[in-house]
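Fold and geometry: a report
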Amino acid sequence: MSTATDTAPAEKIKVHFVPVGSAPIMKKTKFQIGADQRFVSVHAFLRKVLKLQGDSLFLYLSSAFCPGPEELLGDLNECFSKRGELVIHYSLQ
């Protein structure tokens, strides 16, 4: 037995990546990511986009807060979104 929620696509949120310090600048900085994704998946995605191998990568919300890897993006979006997007600052140092 299926319900309408079984076939409904997952809600997407707009994520805006902002470089800090000497972090490389991406050509595209805004992405739509599923609200059911965990924060660790954002870390892996950004690592892949920036082509980082062993370099450190630090992610922050509100320029200061580093969420835990198991936090859901939907929950973070509800608490920390600005103008309809979740702003994530990233740095290599």
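Refer to the structure above for everything that follows.
Residues numbered from 1 in each chain as written. Predicted model: local features only at pLDDT ≥ 70, side-chain atom pairs only at ≥ 80, totals over all residues. Heavy atoms only, no water.

In terms of helices and strands, the protein chain carries 3 helices and 4 strands. Shown N-terminal to C-terminal, the secondary structure of the protein chain runs as helices and strands in the order α-β-β-α-β-α-β. C-alpha atoms of the protein chain, sized along the principal axes, occupy 50 × 25 × 25 Å. Counting all 93 residues of the protein chain, 32% fall into the buried class. Of all intrachain contacts in the protein chain linking residues separated by at least 6 positions in sequence, the fraction that spans at least 24 positions is 62%. Approximately 6,100 Å² of the protein chain is accessible, and the part contributed by carbon and sulfur atoms is 54%. Side chains of the protein chain carry 11 positive and 9 negative charges; the gap between the two charge centres is 13 Å. (Helix = DSSP H or I, 4+ residues; strand = E, 2+ residues; numbered from the N terminus. Buried < 20%, exposed > 50% of the residue type's maximum accessible area, 1.4 Å probe, protein only. Contact = heavy atoms within 4.5 Å. Areas by Shrake-Rupley, 256 points an atom, 1.4 Å probe, with all protein chains shown as cover. Lys, Arg positive; Asp, Glu negative; His and termini not counted. Charge placed at Lys NZ, Arg CZ, Asp CG, Glu CD.)

This paragraph deals with a negative patch on the surface. On the surface, Glu-11, Glu-71, Asp-75 and Glu-78 cluster together into a patch of negative charge. Counting through the fold element by element, Asp-75 comes out in helix H3 (residues 73–80). (Patch = residues over 30% accessible without salt bridge, like charges linked within 9 Å, V, L, I, M, F, W, Y side chains within 5 Å. Salt bridge = Lys/Arg side-chain N within 4 Å of Asp/Glu carboxyl O.)

A few words on the nonpolar core. One finds Phe-17, Leu-46, Leu-59, Leu-73, Ile-88 and Tyr-90 to be the most contacted residues of the largest nonpolar core, which totals 21 residues. Mapped by element, the contributors of at least two residues to this core are strand S1 (12–19), strand S2 (30–34), helix H2 (39–50), strand S3 (58–61), H3 and strand S4 (85–91). Residue contributions to this core peak at 4 residues, all from H2. Beyond its immediate chain neighbours, meaning those up to four positions away, Phe-17 contacts Met-26, Thr-29, Phe-31, Val-42, Phe-45, Leu-46, Ile-88 and Tyr-90. (Core = buried A, V, L, I, M, F, W, Y, C linked by side-chain atoms within 4.5 Å.)

The next subject is the pairing of S3. Across the two faces of S3 the burial differs, with Leu-59 and Leu-61 buried and Phe-58 and Tyr-60 not buried at all. By the bridge criterion, 4 bridges tie S3 to S4 in an arrangement that is antiparallel. Looking at S4, one finds that Leu-61 is bridged to Ile-88. (Pairing = 2+ DSSP bridges.)

A few words now on the sheet that holds S3. Pairing is mixed in the open sheet, where 4 strands are placed in the order S2-S1-S4-S3. The sheet is open, and its two edges are formed by S2 and S3, each paired on a single side. Taking each pair of neighbouring strands and ignoring which way they run, the sheet shows an average axis angle of 35°. As defined by bridge partners, S1 adjoins S2 across 5 bridges and the pair is classed as antiparallel. (Axes fitted to C-alpha atoms, helices over the stretch in contact; angles between N-to-C directions.)

If you check H2, its first and last C-alpha atoms are 17 Å apart, about what 12 residues at 1.5 Å a residue would give, namely 16 Å. In the core, the buried residues of H2 are packed alongside S1, S2, S3, H3 and S4. Once H2 finishes, Lys-51 follows within two positions and takes phi at roughly 55°, a positive value. (Expected span 1.5 Å × (residues − 1).)

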